[in-house]
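Summary of the model geometry
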Amino acid sequence: MIEVRELRVRYGGRLVADVPELDVGPGECVAIVGESGSGKSTTLLSLLGLTENAEVSGEIRVCGVDVRTASPRALRGLRGARAALVMQSPQAALSPATRLGVLMRRALKLHGRDAGEQAMARAVAAVMLDPEILRRYPHEVSGGQAQRFAIALALALGAEVILADEPTSALDVTVQAEVVALLCRLRAERGLALLLVSHDLALVSTIADRVLVMKDGAVVESGPAATVLAEPAHPYTRELLEALP
Ligand SMILES: Nc1ncnc2c1ncn2[C@@H]1O[C@H](COP(=O)(O)OP(=O)(O)OP(=O)(O)O)[C@@H](O)[C@H]1O
């Protein structure tokens, strides 16, 4: 679902992400970890062609679309439906004066999906939200609810890949566990491919199959999550693990 080779992203000539190889197959979960500024979000955004003013080189294929050479129309189709981005503060991306139900209906219609009341209620119920949430405005829901709504919308649009930037950052610990359980369930049930960007090694150890550790734009270590977290080869990974509470 995601295939990346020799990806390099530069801002004003400065190399901020250098990822030789990154693959995420159906039903797989790969996590990118590293401290703030290490290039995680830049890598994620570049996969959907969303880095502004950046020079991007290398090969990027997402759901079979060659992101660097695709037409704007092909990219819109990819981003809107097949590959969904779940951001750190999803409320900020939602129009404040639009009820969540109206927003969902518009998005579903735009992509030719079933936008009936029942289909929308099923979509939010799949992420354990009460359908009543569809009557609310973005400021009337919590960060966790907004993230779950974003996931519900992605699924209703038929997403095959979810790219999530700090998917649980806005959430308290209990809700965090719920969202992680939800993502695990969805990937098992629907064969969803997940790429997560996270500071949270504890979260990563519960959900990811493979991990990439980034430092100053470079991938310093990668491999199966169990191996990387149990026997870190790079001193930086050991530092990150030692910083865990
Ligand atoms: N639009 C931009 N223009 C110029 N530099 C940028 C831009 N976006 C990011 N950068 C720089 O790229 C580097 C990597 O940033 P990035 O946001 O990818 O890191 P990150 O690991 O995701 O950090 P965080 O965990 O804080 O989100 C940083 O030095 C940042 O200042």
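Residues numbered from 1 in each chain as written. Predicted model: local features only at pLDDT ≥ 70, side-chain atom pairs only at ≥ 80, totals over all residues.

An unreviewed UniProt entry lists the protein under the name ABC transporter domain-containing protein, with Nonomuraea antimicrobica as the source organism. As its UniProt record puts it under Sequence similarities (unreviewed entry), the protein is described as follows: "Belongs to the ABC transporter superfamily." Within the UniProt record for the protein, the comment given under Subcellular location (unreviewed entry) is "Cell membrane". (UniProt positions renumbered as here; feature names shortened; annotations may be inferred.)

Moving on, we get to the overall build of the protein. For the protein, the count of helices and strands is 10 helices and 10 strands. Here the C-alpha atoms of the protein give a radius of gyration of 18 Å, agreeing with the 18 Å that 2.2 N^0.38 yields for 245 residues. Along the first, second and third principal axes, the C-alpha atoms of the protein reach 50 × 45 × 30 Å. (Helix = DSSP H or I, 4+ residues; strand = E, 2+ residues; numbered from the N terminus. Rg over C-alpha atoms; globule rule 2.2 N^0.38 Å.)

In this section: the site of the ligand. Around the ligand sit Tyr 11, Val 16, Gly 34, Ser 36, Gly 37, Ser 38, Gly 39, Lys 40, Ser 41, Thr 42, Glu 52 and Asn 53, and that is every residue in its neighbourhood. Counting residues per element, the shell around the ligand draws most heavily on helix H1 (residues 40–47), which supplies three residues. Residue composition of the shell around the ligand, grouped by class: two nonpolar, eight polar and two charged. (Near = placed C-beta within 6 Å. Nonpolar A, V, L, I, M, F, W, Y, C, P; charged D, E, K, R; others polar.)

At Met 128, a position not held by glycine, the phi torsion is positive, near 60°. On the secondary structure map, Met 128 appears in the loop between helix H5 (117–125) and helix H6 (143–156). Exposure remark for Met 128: the 13 C-beta atoms within 10 Å place this residue in the partly exposed category. Even without a glycine there, the phi angle at Asp 216 is positive, about 50°. Position of Asp 216 among the secondary structure elements: in the loop between strand S9 (210–215) and strand S10 (218–224). On the neighbour-count criterion, Asp 216 (15 C-beta atoms within 10 Å) is partly exposed. (Buried ≥ 20, exposed ≤ 12 C-beta atoms within 10 Å, placed from the backbone.)

Take the nonpolar core next. The nonpolar side chains of soluble globular proteins are, as a tendency, buried together. By size, the foremost hydrophobic cluster in this structure holds 74 residues, and its most contacted members are Ile 2, Ala 31, Val 62 and Ile 162. Broken down by element, the residue count for this core peaks at eight residues, all from H6. Ignoring sequence-local partners within four residues, the contact set of Val 62 consists of Met 1, Ile 2, Leu 47, Leu 48, Val 67, Leu 78, Ala 83 and Val 161. (Core = buried A, V, L, I, M, F, W, Y, C linked by C-beta atoms within 7 Å. Contact = placed C-beta atoms within 7 Å.)

As a further point, take the environment of Arg 105. Residue position: Arg 105 is located in helix H4 (residues 100–110). By C-beta crowding, Arg 105 is classed as partly exposed, having 18 other C-beta atoms within 10 Å. Each C-alpha atom, one on Arg 105 and one on Arg 135, is 12 Å from the other, the two residues being 30 residues apart in sequence. Discounting chain neighbours no more than four positions away, the residues touching Arg 105 are Ala 115 and Met 120.

Sheet topology note: the strand S1 (residues 2–11)/strand S2 (residues 14–24) ladder contains nine bridges and is antiparallel. Within the sheet, the bridge partner assigned to Arg 10 lies in S2 and is Leu 15. Linking S1 back to S2 in an antiparallel pair, the connection comprises two residues, with Gly 12 at a positive phi of about 55°. (Pairing = 2+ DSSP bridges.)

Every buried residue belonging to H4 is among Leu 100, Met 104 and Leu 108, and all of these are buried. Seen along its axis, H4 keeps its buried residues to an arc of 65°; they face one direction. Residues of H4 that are buried sit in contact with H5 and H6. (Arc of directions from axis to C-beta.)

Moving on: the environment of Leu 7. When you line up the elements, Leu 7 lands in strand S1. Every residue in contact with Leu 7, bar those within four places of it in the chain, is listed here: Ala 17, Val 19, Ser 46, Gly 58 and Ile 60.

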